[in-house]
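Examining the three-dimensional arrangement
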Amino acid sequence: RGLRQKGLSVVLAPGVFHGIHDETLDYLIGAKGTKHVLLAGVESDDSAHLIKAEEYGPIEPQQKRVHTVAGLAPVDFAFGFHDRPYGKVGYARLIERYRELNPSALAISDWDPNCDCLQWVATQSGIETILVPFIQRAESTSWLHHYGHV
């Protein structure tokens, strides 16, 4: 909230961030765009299992992923959180969480299978969305195959 009160535009880029590859950097760079501050919300291990499917859970624990993401050039602040309570807590809690964080915008990869739901949640939260285009690169295809996404 303090950053927004100072007149800065803040974008929240949630993600599992379990492997830093070109698409990860494209997402973070696209998320930052013309905003002043990029917050990277690194999903909890439990959340990562929900998002990526149990067998494709995070490679590293959340604390390590937060540390790695915090060191990337586009990221101003990285923190751990549990962003995907779809089945258990519902959208109302997610909307409340985004209102508490109060970013100017929520970054969403157009590759995310929950893209439409996340856009709806952002709208209900009163925040803009930044739809970041996914550009698949040959060198990360093996990652995507490994995690069952291609």
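Residues numbered from 1 in each chain as written. Predicted model: local features only at pLDDT ≥ 70, side-chain atom pairs only at ≥ 80, totals over all residues. Heavy atoms only, no water.

Section: the overall build of the chain
To keep things clear, this is the line we draw: To qualify as a helix, a DSSP run of H or I must reach at least 4 residues; to qualify as a strand, a run of E must reach at least 2; elements of each kind are numbered from the N terminus. Note on contacts: a residue pair is in contact if any heavy atoms of the two residues lie within 4.5 Å. Using a 1.4 Å probe, the Shrake-Rupley method yields the accessible areas, and only the shown protein chains count as cover for residues.
Scanning the chain for helices and strands turns up seven helices and five strands. Overall, the chain shows an N-to-C arrangement of helices and strands of α-β-α-β-α-α-β-α-β-α-β-α. Long-range pairs, those at least 24 residues apart, make up 68% of the contacts in the chain with a sequence separation of at least 6. Split by element, the accessible area of the chain, about 7700 Å² in all, is 53% carbon and sulfur.

With respect to the confidence of the model for the chain
As a reminder of what qualifies: A residue's pLDDT is the confidence the predictor assigns to it, expressed on a 0 to 100 scale.
Confidence along the chain averages 83 in pLDDT terms, with 80% of residues attaining 70 or more. Mean pLDDT per element in the chain: helix α7 (residues 141–146) is the minimum at 56, and strand β5 (residues 128–132) is the maximum at 95.

Brief notes about the environment of I135
Our working rule: For each residue, the accessible area found with a 1.4 Å probe, counting protein chains only, is set against the maximum for its type, and the residue is called buried under 20%, exposed over 50%, and partly exposed in between.
One can find I135 in the loop between β5 and α7. I135 sits in the partly exposed class, given a relative accessible area of 46%. Through-space distance from the C-alpha of I135 to that of W111 is 8.9 Å; in sequence the pair is 24 residues apart. For I135, the residues in contact, after removing those within four places along its chain, are E23 and D26.

Quick look at helix α2 (residues 22–32)
Here α2 has its buried residues at E23, T24, Y27, L28, A31 and K32. Residues of α2 that are buried make contact with β1 (10–15), β2 (37–43), β4 (105–109) and β5. In the segment just after α2, G33 is the residue with positive phi, at about 40°.

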